[in-house]
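As a plain string of letters, each chain reads:
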Amino acid sequence: MSATHTPPTDNVLISRLYHSMLLIRRVEEHICDVYTSDAIKSPVHLSIGQESIASGLCDALKSDDMVSNTYRCHATHIAKGGDLNQMMAELYGKSGGCARGKAGSMHLIDMPKGVMGASAVVGTTIPVAAGFAQAMKWDAMNGGSKRVIMAICGDGATEEGCYAETLNYAALKKLPMVFVVENNGFAIHTPIHRRQPNWNLRARIETYGIPTQHVADGDVFAVRDAAIKAVEAARSGQGPQFIECATYRWMEHVGPTDDHDHGPYRDHAEYAKWKENDQIARLEKMLGDKAADVKAKVEAELKASIEFALASPYPDNSELYDYTYAA
Ligand SMILES: Cc1ncc(C[n+]2csc(CCOP(=O)(O)OP(=O)(O)O)c2C)c(N)n1
C-alpha cells in the first residue's frame, strides 16, 4: 500500500503530526509493558496502528471544538490535547485521574480541552455528541463562536439503532457535526461482510443527505485534509458531514498483546500491508535528523505522566459512593 496523497513539505506540520502519533504509540506501548503487573486494572482497547486517524482528524479542530469517541479513546484524547498526566493517572486508578481514578481506560474525559467523556457501551456517545452539537448551534445563534463536534466511532457502532437516529436528527437540524468512522474492518472478530448485506457505508449515510468523504489508506495528511474540509463545511452552517477512514488494528480487540495466532479471523497479508504503511515510520523518515528532538519531547512527556500517576494516591475509601447516582 502506498500513500496517494501529495505529502506537504511544511516541517512544522510534519513534526506536529509525528509528535501526536508517536505520543499515542509510546503511551500505548507503555500500557502493554506494565499491563501484566496489574498496575492498570481496567480493560484497554489499543489504537496501535490506527494513530494517523486521530492525529489527522484532531489537527483540523480548534481548541474549543470537541471530540467524542468510544471506549477505544486513548488516541483521540491525546490528539485533541487531553491532559496526559490525568489520563495516565486514570489508567493507574489514581485520584489524580481525569475521572478521579474511578473509571479507567474506557471513560477518558477532558472537557476544558474539548474531549467528551467516552463510554464502553457501543454507539452511546453518538447521540450525546449530537446534544453538544445542538447546544453549540444555539450558542452560536446567540453570539457565541461557531464550534464543531467530531463524533468518532468504529464501523460496528454504525449498526446501533441510535447511530441512524442521530444521523437523521443531525441532518434535519443541520447540526455542526462531523461523523467519522474509523473502519478497521472488524467488530471484535467479525468482519464487516459477515455483519451487513450492504457494506457500502457511505451510500447508506448519503441517504440522509449528508456529504461523505473516504480516506482509503490511512495517510495522515489525507485524513487531515478531509477533516479540514468537513469541519469548515460543518462550521459554516452546511450541516453534518461524514468521513470514513480505513485503518487497521494491529493488536487484539481488547488487551495488551497481539492475537495473530487466534484462528483465521485476520488476513495476515492485509496486516503486513498496513504495517508497511505505518505513518509514524513514514513521517520519521520525512523528518530525518529532526525526528530526534520530537522523540526526546515525547519520551519526556511520557515519563512525566508516569511519574505523576505513580505519585498520585489511590482514591480514599470515603469517596466510594461519590459521583454515583441512584434513581
Ligand atoms: C451496546 C453494546 N453492544 C455490544 C457491545 C460489545 N462490544 C464491545 S466492542 C464491540 C465491537 C465494536 O466494534 P467497532 O464499533 O467497529 O469498534 P472497534 O472496537 O473496532 O474500534 C462490541 C460488539 C457493547 N460494548 N455495547
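The structure we're discussing is the one just above.
First things first, this report covers the structure right here in the doc. (Residues numbered from 1 in each chain as written. Predicted model: local features only at pLDDT ≥ 70, side-chain atom pairs only at ≥ 80, totals over all residues. Heavy atoms only, no water.)

**A look at the environment of Tyr18**
Link 1 in the chain: Here Tyr18 lies in helix α1 (residues 11-35).
Link 2 in the chain: The class of Tyr18 is buried, set by a relative accessible area of 0%.
Link 3 in the chain: Residues Tyr18 and Arg282 lie 264 residues apart in sequence; the distance between their C-alpha atoms is 9.1 Å.
Link 4 in the chain: If we ignore the near neighbours within four places in the chain, the residues touching Tyr18 are Ile280, Leu283, Glu284, Leu287, Ala291, Val294 and Lys295. (Helix = DSSP H or I, 4+ residues; strand = E, 2+ residues; numbered from the N terminus. Buried < 20%, exposed > 50% of the residue type's maximum accessible area, 1.4 Å probe, protein only. Contact = heavy atoms within 4.5 Å.)

**Considerations on the pattern of salt bridges**
Link 1 in the chain: Per the stated rule, a full pass over the model turns up 16 salt bridges.
Link 2 in the chain: Glu159 is the partner of Arg195 in a salt bridge, and the nearest nitrogen-oxygen pair spans 2.9 Å. Taken together, the residues Arg195 in the loop between β5 (190-191) and α7 (201-206) and Glu159 in the loop between β2 (149-154) and α6 (161-172) connect sequence positions 36 residues apart.
Link 3 in the chain: Assessed through its relative accessible area of 19%, Arg195 is described here as buried.
Link 4 in the chain: In this structure, the salt-bridge partner of Lys303 is Glu307, at a minimum N-O distance of 3.2 Å. Of this pair, Lys303 and Glu307 are both found in helix α11 (residues 291-311), four residues apart, which corresponds to roughly one turn of the helix. (Salt bridge = Lys/Arg side-chain N within 4 Å of Asp/Glu carboxyl O.)

**Structural notes on the site of the ligand**
Link 1 in the chain: The environment of the ligand is formed by 15 residues, the closest being Tyr71, Arg72, Gly156, Ala157 and Asn184.
Link 2 in the chain: Arg72 is positioned with one of its side-chain polar atoms (N or O) 2.8 Å from an oxygen atom of the ligand.
Link 3 in the chain: Taking Ala120, its main chain carries an N or O atom lying 3.0 Å from a nitrogen atom of the ligand.
Link 4 in the chain: Contact with the protein chains covers 72% of the free accessible surface of the ligand, which is 580 Å².
Link 5 in the chain: For the shell around the ligand, the residue count by class is eight nonpolar, four polar and three charged. (Near = heavy atom within 4 Å. Polar contact = N/O pair within 3.5 Å; in protein donor to acceptor, adjacent residues only side chain to side chain. Areas by Shrake-Rupley, 256 points an atom, 1.4 Å probe, with all protein chains shown as cover. Nonpolar A, V, L, I, M, F, W, Y, C, P; charged D, E, K, R; others polar.)

**A closer look at the packing of α1 against α11**
Link 1 in the chain: Two numbers describe how α1 lies on α11: the axes approach to 9 Å, and their chain directions differ by 40°. With respect to their mutual orientation, α1 and α11 come out oblique. Taken as a pair, α1 and α11 cross one another with a handedness that is right-handed. Residues Ser15, Tyr18, His19, Leu22, Leu23, Arg26, Val27 and His30 of α1 touch α11, and the partners they reach there are Ala291, Val294, Lys295, Lys297, Val298, Glu299, Glu301, Leu302 and Ile306.
Link 2 in the chain: Tallied by class, the residues present in the contact of α1 with α11 amount to nine nonpolar, three polar and five charged. (Axes fitted to C-alpha atoms, helices over the stretch in contact; angles between N-to-C directions. Parallel < 35°, antiparallel > 145°, perpendicular 65-115°, else oblique. Left-handed = near helix turned anticlockwise from the far one by under 90°.)

**As for empty space enclosed by the protein**
The gaps left among the atoms become clear once a water-sized probe is rolled over them.
Link 1 in the chain: Scanning the model with the defined rule gives two cavities of 30 Å³ or more in all.
Link 2 in the chain: When its volume is computed, the largest cavity comes out at roughly 100 Å³.
Link 3 in the chain: Around the largest cavity, the lining is made up of 15 residues, and of these Gly49, Ser52, Asn277, Asp278 and Gln279 lie nearest the centre.
Link 4 in the chain: Among the secondary structure elements, those contributing two or more residues to the lining of the largest cavity are α1, α2 (51-58) and α10 (279-287).
Link 5 in the chain: Looking at the lining of the largest cavity, its residues break down into four nonpolar, seven polar and four charged.
Link 6 in the chain: The calculated volume of the second largest cavity comes to roughly 30 Å³.
Link 7 in the chain: Every residue lining the second largest cavity is listed: Ser68, Asn69, Cys73, Thr76, His77, Leu108, Val115, Met116 and Ala118.
Link 8 in the chain: Grouping the amino acids of the lining of the second largest cavity by side-chain chemistry returns five nonpolar, four polar and no charged. (1 Å grid on protein atoms, 1.4 Å probe; cavity = no way out; pocket = protein on both sides within 12 Å on 5 of 7 lines; lining within 4 Å. Points joined across faces, edges and corners; volume = space filled by probe spheres on them.)

**Overview of the sheet that holds strand β1 (residues 66-68)**
Link 1 in the chain: Sheet architecture is open: five strands sit in the order β1-β2-β3-β7-β6, paired in parallel fashion. Of all strands in the sheet, those with a lone pairing partner are β1 and β6 (212-215), marking the two edges. Within this sheet the neighbouring strands show an average axis-to-axis angle of 20°, counted without direction.
Link 2 in the chain: Looking at chain direction, β1 and β2 are connected through three bridges and run parallel. In the strand pairing of β2, Ser68 is matched with Ala151.
Link 3 in the chain: Relative to strand β3 (residues 177-183), α6 is tilted by about 150°, and along the sheet it contacts β2, β3 and β7 (241-246). (Pairing = 2+ DSSP bridges.)

**Some thoughts on helix α4 (residues 84-91)**
Link 1 in the chain: With respect to burial, α4 is a largely interior element, six of its eight residues being buried.
Link 2 in the chain: Taken residue by residue, α4 has Leu84, Met87, Met88, Ala89, Glu90 and Leu91 as its buried positions.
Link 3 in the chain: Summarising the contacts, the buried residues of α4 are in contact with α1, α3 (74-79) and α11.
Link 4 in the chain: Immediately downstream of α4, the backbone of Gly93 shows phi near 70°, a positive value.

**Things to note about the layout of surface pockets**
Link 1 in the chain: When its volume is computed, the largest pocket comes out at roughly 430 Å³.
Link 2 in the chain: In this structure, the largest pocket is lined by 23 residues; those nearest its centre are Asn183, Asn184, Gly185, Ile192 and Glu270.
Link 3 in the chain: Looking at the lining of the largest pocket, the elements that each hand over two or more residues are α7, β7 and α9 (268-276).
Link 4 in the chain: Take the lining of the largest pocket: its biggest share by element is three residues, from α9.

In short, the description is geometric, and any link to function would need to be established separately.
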